[in-house]
Amino acid sequence: MTLKKSLGQNFLSNEVYAKKIVEISQIKPNDTVLEIGAGAGTLTVALAETGATIYAIEIDERLKPVLEERLLIFPNVHLIFSDFLALDISFLPDGYKCVSNIPYYITAPILKKLIFTHFSALFIMMQKEVGERLLEKAGSSNRGFLTVVLQTVGDIEKLLTVPKSAFVPNPEVDSVVLKITRKTPFPFSDDSELESFWKFVSDSFAQKRKTIYNNLRAFVRDNEVLAMILEEAIIQPTARPEQLTEEQFLSLWRIWLKLTGGK
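Numbering of residues starts from 1 in every chain and runs along the sequence as written. Confidence filtering applies because this is a predicted model: local features only for residues at pLDDT of at least 70, side-chain atom pairs given and counted only at 80 or more, and all residues used for totals across whole chains, interfaces and linings. As a rule here, side-chain values cover all heavy atoms of the structure and leave hydrogens and water aside.

With respect to the packing of aromatic side chains
Part 1 of the reasoning: Aromatic pairing here means that ring centres of Phe, Tyr or Trp (its six-membered ring) are within 6.5 Å. Orientation follows from the plane angle: under 30 degrees is stacked, over 60 is edge-to-face, and everything else is tilted. Tallying each qualifying case throughout the model produces 10 aromatic pairs.
Part 2 of the reasoning: Ring geometry for phenylalanine 188 versus tryptophan 253: centroids 5.4 Å apart, planes at 70 degrees, classification edge-to-face. Separated by 65 residues along the polypeptide, phenylalanine 188 in the loop between β9 (175-182) and α7 (191-204) and tryptophan 253 in helix α10 (residues 246-260) bring together distant segments of the chain.
Part 3 of the reasoning: Its relative accessible area of 2% is what places tryptophan 253 among the buried residues. Counting from the N terminus, the helices are the DSSP runs of H or I reaching at least four residues and the strands are the DSSP runs of E reaching at least two. Any residue under 20% of the maximum accessible area for its type is buried, any over 50% is exposed, and the rest in between are partly exposed; the area is computed with a 1.4 Å probe on protein chains only.

Considering the side chain of glutamate 58
Part 1 of the reasoning: Relative to the helices and strands, glutamate 58 resides in strand β3 (residues 53-58).
Part 2 of the reasoning: Think of it this way: Lys and Arg go in the positive column, Asp and Glu in the negative one, and His and the chain ends go nowhere. Salt bridges are identified by distance alone: a Lys or Arg side-chain nitrogen within 4 Å of an Asp or Glu carboxyl oxygen. Put simply, glutamate 58 is tucked away with no salt bridge, and the nearest opposite charge, on arginine 62, sits 7.8 Å away.
Part 3 of the reasoning: Within polar-contact distance, the side chain of glutamate 58 engages the backbone nitrogen of alanine 38 at 3.2 Å. Residues adjacent in sequence count toward polar contacts only when both atoms are side-chain atoms; beyond that, a polar contact is any pair of N or O atoms within 3.5 Å, and within protein one must be able to donate a hydrogen and the other to accept it.

Concerning the environment of alanine 233
Part 1 of the reasoning: Within the element layout of this structure, alanine 233 appears in the loop between α9 (223-232) and α10.
Part 2 of the reasoning: The class for alanine 233 is buried, based on a relative accessible area of 11%.
Part 3 of the reasoning: Linking alanine 233 and leucine 159, residues 74 residues apart in sequence, is a C-alpha distance of 34 Å.
Part 4 of the reasoning: Contacts are assigned to residue pairs with any non-hydrogen atoms lying within 4.5 Å of each other. Ignoring any residue separated from it by four or fewer positions in sequence, one finds alanine 233 in contact with Ser251, Leu252 and Ile255.

Looking at the pairing of strand β5 (residues 96-101)
Part 1 of the reasoning: The element β5 is largely enclosed, with a buried count of 6 among its 6 residues.
Part 2 of the reasoning: Judged by which residues are buried, β5 turns out to be covered on both faces: Tyr96, Cys98 and Ser100 on one side and Lys97, Val99 and Asn101 on the other are all buried.
Part 3 of the reasoning: DSSP-based pairing: two strands are paired if at least 2 bridges between them are found. Where strand β2 (residues 32-36) and β5 come together, 2 bridges link them in parallel fashion. Bridge pairing in β5 links valine 33 to lysine 97.
Part 4 of the reasoning: By the bridge criterion, 6 bridges tie β5 to strand β6 (residues 119-127) in an arrangement that is parallel. In the sheet register, lysine 97 faces β6, and the bridge partner there is alanine 121.
Part 5 of the reasoning: Once you follow β5 into helix α4 (residues 107-115) and on to β6, the crossover reads as right-handed. By definition, the crossover connecting two strands over a helix is right-handed if that path, from the first strand to the second, turns clockwise as seen with the strands pointing away from the viewer.

Here's the deal with the environment of glycine 51
Part 1 of the reasoning: Looking at the secondary structure, you find glycine 51 in the loop between α2 (42-48) and β3.
Part 2 of the reasoning: C-alpha of glycine 51 to C-alpha of serine 196: the two residues are 145 residues apart in sequence and 39 Å apart in space.
Part 3 of the reasoning: Apart from the residues lying within four places of it in its own chain, the contact partners of glycine 51 are Pro29 and Asn76.

Describing the packing of α4 against helix α6 (residues 145-153)
Part 1 of the reasoning: The convention used is that axes are lines fitted to C-alpha atoms, helices contributing only their stretch in contact, and that angles between N-to-C directions extend from 0 to 180 degrees. At a minimum axis distance of 12 Å, the contact between α4 and α6 shows a crossing angle of 25 degrees. Classified by the interaxial angle, the pair formed by α4 and α6 is roughly parallel. As α4 packs across α6, the resulting crossing turns out to be left-handed. Within the contact between the two elements, α4 uses Ala108, Leu111 and Ile115 and α6 uses Leu146, Val149, Leu150 and Val153.
Part 2 of the reasoning: Of the residues belonging to the contact of α4 with α6, the class tally is 7 nonpolar, no polar and no charged. Note on angle classes: values under 35 degrees are labelled roughly parallel, values over 145 roughly antiparallel, values of 65 to 115 roughly perpendicular, and the remainder oblique. For any helix crossing, the convention is left-handed if the near helix is rotated counterclockwise from the far helix by under a right angle, and right-handed if that rotation is clockwise. Asp, Glu, Lys and Arg are counted as charged, while Ala, Val, Leu, Ile, Met, Phe, Trp, Tyr, Cys and Pro are counted as nonpolar; the rest, among them Gly, fall into the polar class.

Brief notes about the packing of α6 against α10
Part 1 of the reasoning: Packing of α6 against α10 brings their axes to within 9 Å, and their N-to-C directions diverge by 90 degrees. Taken together, α6 and α10 sit at an angle that is classed as roughly perpendicular. Contact residues: α6 offers Val148, Gln151 and Thr152, while α10 offers Glu246, Phe249 and Leu250.

A short note on the pairing of β9
Part 1 of the reasoning: Summarising burial for β9: 6 of the 8 residues are buried, a large majority.
Part 2 of the reasoning: Relative to β9, β6 runs antiparallel, the two sharing 7 bridges. Considered in β9, the bridge of alanine 121 is made with threonine 181.
Part 3 of the reasoning: In terms of strand pairing, strand β7 (residues 154-162) meets β9 through 8 bridges, oriented antiparallel. Paired with valine 162 across the strands is serine 175, a residue of β9.

Have a look at this one:
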């Protein structure tokens, strides 16, 4: 079978690492677990052995015979052949966990979809460089809008480094497994608020080399209002977006909403 680069197919083939990932994810038999990108099923089998209810999503139907054969003895596994980004996942219960080796080229869209659900913890394997960027604190030049949003909705920690030799075919870089634990209380009351915050932070990072003042000017047309927003949030106009903490961004967004109605 020829793997498709267009689908980001680098399958975890090392069973030792698959078991390590499941072990550090602390999956219990009464858990419901989402796996995005079942691939050839190495991680799926390790998850299935916990006795938890597993929903394994795979976009490539050519893998159906392989997966069905490997998972035949596990009635707790539900295989779904679909594009995850187009799939309605409202069937997942509140408090579910996600344990996945996701396609690296769509890391941001996958993470965005996941944070709009009521997960308890996400255990996501991703490209090492991307994972380390998501851990960056305020002041780092590697800090981006996705880092800010994820650190706002969850507590992030690095659990494991996985070498490229653990995959088939070998990717060009090593990978890391991050744990993202949903914050309680959650800082947003509904999806529309989270969507608004996502866009606000994204727009605030539109030009990273510019100050937060100049980035906000792109969508806050009234200079007096803009000055009021920054003053009330106690943020210097000369600060750059990567210098702000997630708490400062939350404050900035809430004041912007209050003074402009989000327009």
